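Survey of secondary and tertiary structure
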Amino acid sequence: MKAKRWIFGACLMGSSLLVGCGNTGGDDSSSGAGGATSAYGDAPYEALQTVAEERNLTPDDLVAAAKTFMPSGRHDEYMMFASGGHGGQMIVIGVPSMRILKIIGVFTPEPWQGYGYGVGQDILASGKVNGKDILWGDTHHPALSETAGDYDGQFVFINDKANARIAVIDLRDFETKQIVKNPISLSDHGGTMVTPNTDYIIEGGQYGHPLGWDYAPMDEYVEKYRGMVTIWKFDRKAGRIDESQSFALELPPYWQDLFDAGKLVSEGWIFGNSFNTELATGGVESGAPPFEAGASQRDNDYMHVINLDKAVELFKAGRVDLIKDFPVLSLDTLIEEGVLYFIPEPKSPHGIDVTPDGAFMVVSGKLDPHVTVYSFDKIMATIAAKNWEPDQFGVPVLDFDSCVEAQIEVGLGPLHTQFDNLGYAYTSLFLEPSVARWSLGGEAGTKNPEADWTMVGKVPVQYNVGHIAVAEGDTVSPDGKYLVSMNKWAIDRFAPVGPLLPQNFQLVDIAETGDTMRVIYDMPIGMGEPHYAQIIKADKLKPWDVYPEVGWNPETQSVRLDYARQGKERIERNGTTVDIYMTAVRSHFTPEHVEVNEGDLVRWHITNVERAYDATHGLAIPGYNTNLSLEPGEAQTLEFVADKPGVYPFYCSEFCSALHLEMMGYFLVKPAE
Ligand code: K7E
Ligand code: CUA
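The next point concerns the overall build of the chain. Looking only at helices and strands, the chain features 10 helices and 44 strands. Its C-alpha atoms give the chain a radius of gyration of 28 Å, near enough to 26 Å, the size a compact globule of 673 residues would have. Counting every position in the chain, which comprises 673 residues, the buried fraction comes to 58%. Taking as baseline every contact in the chain between residues at least 6 positions apart, the subset at least 24 positions apart corresponds to 61%.

Next up, the structure:
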């Protein structure tokens, strides 16, 4: 037997790796997974062996392949909602197969979904900044809605760092329903995070600037520039952010980075971190230290500890100032009322993550090889003892030693931390690059064999990991099992596609204790630079098969009043306004001829009257920048001026039936005299 013939070697030794290898006759359940008859006759394992040899696959490769392969028709156990980075979308990915299931248009038009070309036009327009259409976003942190600290599968939110906007996506149809522009800030990063019952969505700022977009010269940085965190009220019933019940907190112009909401014991508090407590203002061109050096001089920055319940109380009591008509709790009020505290944190931190039990806050400094763990109990005791010194803005800075529970050396460039079901935490190490596993203390620490607060092991990743996401990792009861390492660099992992490479999402099997962690899949992400992701148990999602009723308007999630009904299709002219009432069904539009005059205002109402699962039609109109995606039951209205005479063959852009090519019509615009 050749050395390479390890598969049957293992089999003959009685390994259970190959189920039923002693009986490959295909006659019963022992012949392979699921008991199906093999397409490879009576020699499926020889076929596997041949593939392994031809493709030079190791036994580990085969196990990894088996762990991530999803047979046709079978569904993934988890779904990952990943930010689309500066692509401005959200990416839905099945785990463990790592197959992309959907790309949701959020801040960016998405023609396949008709988003931004009819549907979603109003939603994108609500994200205007200073009256300007902004047709992209830099999405960073998705947050699934939670009930009692557990993902509930109803909504997902995401921020746009570039323009300080927040979007709401409804998971009944996986479509964006709302974009809210922050009225006082131009930049956000610490969003989105939700409180344990999704009462509030947190949006922290990033780069300091005068709130409300006023002008102030850079040498007035300390007096006029500010940071902020905005608390958006979420109305679950309406499925929308209620801007009238939302407010912001004025913060010193340290650069706030990430926030996380307290849970269980720490519910009612939120925690953030910051960098540039140096208040560096750059100016390398005039001899000042560049930002990256100027903002890294001090050994410490400040973790932010905010009493959210108290802030809400003060807002409700009207203790606010208005900036651009938006209610803001001033820094003075926050200090006076004991809402805001700082704690020193190792220099230039990036992530802040609250443990599943809510008892500890984990911070890592990019320039410090440790993670620092703060105890909520100790923080409360330190506040009660007034053991603090004010910073230059008068904010109490709590005594570091009195708040810290542990510091664990994890490696170079620690960024973000996640948690699992085994009492472990995982921290991404940007510089090594790898993912470190370490054991929690407290209650959680009893779930694994290691001592509390100790480094357990590392798995190398390729390359330069940013965020990591564990299945159900931000909930009060993480599932563990899988971790996705979101790597910024891909270098040699995939076939070259020019100088702009995809990002690399690596799936890591973390189901075992100790230092056993295995990379089992590499997934190229060829759009944007995804930052964070959350992974939810797929059976928590209950999306609609078809819209509940014919005439459905997905923007309002209700039936339109004047939708185009089957049998009532018509064209109505009222002066120079023309209303077209059209239906779509396999395989025709009714009416098929639409003639208007040059200069008419056209209101094109169209309904897909199908009730069959997946019977989607499109409406593509050449020359008018229009494409709709009409899911079964959906009704849309397009509005435009027919400003160019001509003959426009419009057609269905979804291949819906054998006669799909015939599903078309003529839109004629008759020249004015
Ligand atoms: Cu890229 Cu959370 Cu915006 Cu870290 S962030 S990597
Ligand atoms: Cu309808 Cu193609």
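Across the sheet, which stays open at both edges, the six strands sit in the order E8-E9-E10-E11-E16-E15 with mixed pairing between neighbours. Two strands bound the open sheet, and with one partner strand each, they are strand E8 (188-194) and strand E15 (321-323). Taking each pair of neighbouring strands and ignoring which way they run, the sheet shows an average axis angle of 30 degrees. Of the strand pairs in this sheet, strand E10 (residues 227-235) and strand E11 (residues 240-251) are connected by eight bridges, and their pairing is antiparallel. When the sheet's bridge partners are listed, Lys 233 is paired in E11 with Asp 242.

Across the junction of Glu 432 and Pro 433, the peptide omega takes the value -25 degrees, indicating a cis bond. Even without glycine at this site, Ala 164 takes up a positive phi of about 55 degrees. Here Ala 164 lies in the loop between strand E5 (150-160) and strand E6 (165-170).

This part covers the side chain of Ser 246. You can see Ser 246 is positioned in strand E11. Reaching out from Ser 246, the side chain makes a polar contact with the backbone nitrogen of Lys 233 at a distance of 2.9 Å. Side-chain polar atoms of Ser 246 contact the backbone oxygen of Asp 242, separated by 2.8 Å.

What follows is about helix H3 (residues 59-68). Looking only at H3, the buried set comprises Leu 62, Ala 64 and Thr 68. Looking down the long axis of H3, one finds its buried residues gathered within 160 degrees of arc, a one-sided arrangement.

Two side chains carrying opposite charge are able to pair once their charged atoms lie near each other. Taken as a whole and judged by the stated rule, the model has 26 salt bridges. The salt bridge partner of Glu 220 is Lys 224, with a shortest N-O separation of 2.7 Å. Since its relative accessible area comes to 45%, Lys 224 is described here as partly exposed. We note a salt bridge from Arg 226 to Glu 250, for which the minimum N-O separation is 2.8 Å. Residue Arg 226 is located in the loop between helix H5 (221-224) and E10, and its partner Glu 250 is located in strand E11; the two are separated by 24 residues in the primary sequence. For the pair shown, Arg 226 and Glu 250 are each scored as buried. One network of salt bridges, with partners in common, ties together Asp 150, Glu 472 and Lys 540.

Moving on: the site of ligand 1. Within the structure, ligand 1 sits among His 140, His 141, His 189, Leu 258, His 350, His 416, Gly 466, His 467, Lys 488 and His 531. Classifying every residue of the shell around ligand 1 by side-chain character gives one nonpolar, eight polar and one charged.

Moving on, we come to the environment of Pro 460. Relative to the assigned elements, Pro 460 resides in strand E27 (residues 455-460). Take Pro 460: its relative accessible area is 52%, and that puts it in the exposed class. Along the primary structure Pro 460 and Ser 653 are separated by 193 residues, whereas in three dimensions their C-alpha atoms are 45 Å apart.

Attention now goes to the sheet that holds strand E19 (residues 360-365). Picture the strands of a sheet paired through backbone hydrogen bonds; they go either parallel or antiparallel. The antiparallel open sheet is built from four strands, whose spatial order is E18-E19-E20-E23. Each end of this open sheet is capped by a strand with a single partner; those strands are strand E18 (349-354) and strand E23 (404-409). Going across the sheet, the axis of each strand differs from the next one's by a mean of 20 degrees, ignoring polarity. Taken together, the five bridges between E19 and strand E20 (residues 370-375) define a ladder with antiparallel strand orientation. Pairing of Met 361 across the sheet is with Tyr 374, part of E20. Docked against the sheet, helix H9 (residues 376-384) engages E19, E20 and E23, running at close to 60 degrees with respect to E20.

Now for the packing of aromatic side chains. Tallied over the entire structure, the rule returns 32 aromatic pairs. Seen from their ring centres, Phe 640 and Phe 667 are 5.8 Å apart, and the 80 degrees between their planes marks the pair as edge-to-face. Placement of Phe 640 in strand E42 (residues 635-641) and of Phe 667 in strand E44 (residues 664-670) is noted, with a sequence separation of 27 residues between them. Pair check on accessibility: Phe 640 and Phe 667 agree, each one buried. A network of ring pairs unites the aromatic residues Phe 589, Trp 604, Tyr 624, Phe 640, Tyr 648, Phe 650 and Phe 667 as a single cluster. One residue, Lys 366, lies across the ring of Phe 275, its end atom 4.7 Å from the ring centre.

Let us now look at a negative patch on the surface. Together, Asp 199, Glu 267, Asp 309 and Glu 313 make up a negatively charged patch on the protein surface. Within the secondary structure, Asp 199 sits in the loop between E8 and strand E9 (200-205).

Looking now at the pairing of E10. Looking along a regular strand, one sees side chains alternate from face to face of the sheet. Taking burial as the measure, the nine residues of E10 include seven buried ones, the bulk of the element. Two elements, E9 and E10, share five bridges in a ladder whose sense is antiparallel. Each residue of the ladder has a partner; that of Gly 204, found in E10, is Val 229. Counting the residues in the hairpin turn of E10 and E11 gives four residues, including Gly 239, whose phi is positive at 70 degrees.

All right, on to the nonpolar core then. The biggest cluster of nonpolar side chains holds 52 residues, and the ones touching the most others in it are Val 229, Leu 249, Ile 270, Phe 271, Met 303, Tyr 374 and Ile 379. No other element matches helix H7 (residues 308-316), which puts five residues into this core. Discounting chain neighbours no more than four positions away, the residues touching Ile 270 are Ile 202, Val 229, Ile 231, Phe 259, Asp 260, Ala 261, Gly 262, His 304, Val 305, Ile 306 and Leu 308. Among the nonpolar cores identified, the runner-up in size contains 25 residues, and Val 594, Ala 642, Tyr 648 and Val 669 belong to it.

Here we take up the environment of Asp 299. Looking at the element boundaries, Asp 299 is found in the loop between helix H6 (291-294) and strand E14 (300-307). According to the relative accessible area criterion, Asp 299 is exposed, its value standing at 57%. Separated by 153 residues in sequence, Asp 299 and Asp 452 have C-alpha atoms that sit 26 Å apart. Ignoring anything within four residues of it in the chain, the contact list for Asp 299 reads Glu 345, Pro 346 and Lys 347.

The rules behind the values
- Residues numbered from 1 in each chain as written.
- Chains lettered and ligands numbered in written order.
- Predicted model: local features only at pLDDT ≥ 70, side-chain atom pairs only at ≥ 80, totals over all residues.
- Heavy atoms only, no water.
- Helix = DSSP H or I, 4+ residues; strand = E, 2+ residues; numbered from the N terminus.
- Rg over C-alpha atoms; globule rule 2.2 N^0.38 Å.
- Buried < 20%, exposed > 50% of the residue type's maximum accessible area, 1.4 Å probe, protein only.
- Contact = heavy atoms within 4.5 Å.
- Pairing = 2+ DSSP bridges.
- Axes fitted to C-alpha atoms, helices over the stretch in contact; angles between N-to-C directions.
- Polar contact = N/O pair within 3.5 Å; in protein donor to acceptor, adjacent residues only side chain to side chain.
- Arc of directions from axis to C-beta.
- Salt bridge = Lys/Arg side-chain N within 4 Å of Asp/Glu carboxyl O.
- Near = heavy atom within 4 Å.
- Nonpolar A, V, L, I, M, F, W, Y, C, P; charged D, E, K, R; others polar.
- Phe/Tyr/Trp six-rings, centres within 6.5 Å; stacked < 30°, edge-to-face > 60°.
- Lys NZ or Arg CZ within 6 Å of the ring centre and 35° of its normal.
- Patch = residues over 30% accessible without salt bridge, like charges linked within 9 Å, V, L, I, M, F, W, Y side chains within 5 Å.
- Areas by Shrake-Rupley, 256 points an atom, 1.4 Å probe, with all protein chains shown as cover.
- Lys, Arg positive; Asp, Glu negative; His and termini not counted.
- Charge placed at Lys NZ, Arg CZ, Asp CG, Glu CD.
- Core = buried A, V, L, I, M, F, W, Y, C linked by side-chain atoms within 4.5 Å.

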